[in-house]
Amino acid sequence: MASRKEAIQMALFINTWCFENDIKNHGVKQSDLLSRVKAIGADGIEVRREYLPQDSHQELKAINDERKKTGLLINYSIPDELFEKDGAINPKLQLYFSEAKAMDAQKTKFNLGNFKKYTGNLVDDFNKLPLNQIKLNIENDQTKISGRVKNIKYFLCHSTKDQLPIGDVFDFGNWVFTHQDANYAANELRKFVNYIHVKNVISNDHKLTTSDNLNSGVLHWKKLLSKFHPNIDIALEFPMKNDQDIKTQLNLVRNEVK
């Protein structure tokens, strides 16, 4: 596999969870963050739907206006599942994609849900979405149904067989929280991986917490990163104290991949 330092097409993103304190405790809007993300030196920002106001129209427009000013790329993280408990397609998918389109997002992130109970036609259902304009990815979360390697691979094998452009967001930390081997997961899923959430996890007296430093935790993140194609986009996704800390962590990743 080519060295990651040969990458020429990848982009580095900052997920807005990195600014959790500002958003939750100081009323900072995600649209306010694009200029800061640009100053920190990232190529893009990953907007989280749970941080949008209930009536999100104005905020989505503001994010898009800031995107035009800063030239940043936009990804959109949606904390919902593709398939409902009974296996039905989530009826809100069209809404989520319209929100992504309003920001000119290039990628969306969902959780899988209960695909094993799905009885429909994948091609018919997913061709209703603008997958040729906005990439659809699923992420390993911290649940048994959407966070297990075998369930994710089962779905992605089916969607790939049907020639649907659906990929995987490989979240480093969630493999630790679900007590799975991240290296095994990388070997099983890397051909599907379109986007990486890089982070580390601290284990203290059997209690797991997300680290605020990539170099502090149970994962050998550089070794894990080396398993993937060199031009896959990467996002920092863990809370940090301030913009300088975010810049320091971003540079750790940049120095590893460029």
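Scoring rules and cut-offs
Residues numbered from 1 in each chain as written. Predicted model: local features only at pLDDT ≥ 70, side-chain atom pairs only at ≥ 80, totals over all residues. Heavy atoms only, no water. Helix = DSSP H or I, 4+ residues; strand = E, 2+ residues; numbered from the N terminus. Buried < 20%, exposed > 50% of the residue type's maximum accessible area, 1.4 Å probe, protein only. Contact = heavy atoms within 4.5 Å. Phe/Tyr/Trp six-rings, centres within 6.5 Å; stacked < 30°, edge-to-face > 60°. pLDDT = per-residue confidence, 0-100. Salt bridge = Lys/Arg side-chain N within 4 Å of Asp/Glu carboxyl O.

Student: Account for the environment of Glu46, with residues named and values stated.
Tutor: Tracing the backbone shows Glu46 in strand E2 (residues 44-48). Glu46 sits in the buried class, given a relative accessible area of 1%. For the pair Glu46 and Thr108, spaced 62 residues apart in the sequence, the C-alpha separation amounts to 9.2 Å. Excluding its chain neighbours within four sequence positions, the residues that come into contact with Glu46 are Phe13, Ile14, Asn15, Thr16, Asn75, Ser77, Lys109, Tyr195, His197 and Ala235.

Student: How would you sum up the packing of aromatic side chains? Please name residues and give values.
Tutor: Any aromatic ring pair is given by two values, namely how distant the centres are and how the planes are angled relative to each other. All told, the structure shown has 13 aromatic pairs when counted by the stated rule. Ring centres of Phe13 and Tyr195 lie 5.7 Å apart, and the angle between their planes is 80 degrees; on these two criteria the pair is classed as edge-to-face. Separated by 182 residues along the polypeptide, Phe13 in strand E1 (residues 12-15) and Tyr195 in strand E7 (residues 193-198) bring together distant segments of the chain. We classify Tyr195 as buried; its relative accessible area is 2%. When the centroid spacing of 5.0 Å and the interplanar angle of 75 degrees are considered together, the rings of Phe115 and Phe155 count as edge-to-face. Linking Phe115 in the loop between strand E4 (107-113) and helix H5 (122-126) with Phe155 in helix H6 (residues 149-161), this pair joins segments that are 40 residues apart in sequence. Neither residue differs from the other here; Phe115 and Phe155 are each classed as buried.

Student: Explain the confidence of the model for the chain to me, and be specific about the residues and the numbers.
Tutor: Any residue range with low pLDDT should be treated as having predicted coordinates unsuitable for detailed reading. With 97% of its residues at a pLDDT of 70 or more, the chain shows a mean pLDDT of 96. Counting contacts from residues 1-8, a segment whose pLDDT is below 50, to residues more than four positions away or on other chains yields 22 contacts.

Student: Any chance you could break down the pattern of salt bridges for me, citing the residues and the numbers?
Tutor: This structure, assessed with the given rule, holds 15 salt bridges. The shortest N-O distance in the salt bridge between Lys61 and Asp65 comes to 3.1 Å. Taken as a pair, Lys61 and Asp65 lie in helix H3 (residues 57-70) at a separation of four residues, close to a single helical turn. Where Lys107 meets Asp233, a salt bridge forms, and the shortest distance between an N and an O atom there is 3.0 Å. Here Asp233 lies in strand E10 (residues 233-236) and Lys107 lies in strand E4, a separation of 126 residues in the sequence. For Lys107, a relative accessible area of 9% corresponds to the buried category. Relative accessible area serves as the criterion here: at 8%, Asp233 is assigned to the buried category. A single network of salt bridges, built from pairs that share partners, joins Arg48, Glu50, Asp171, Lys199 and Glu237.

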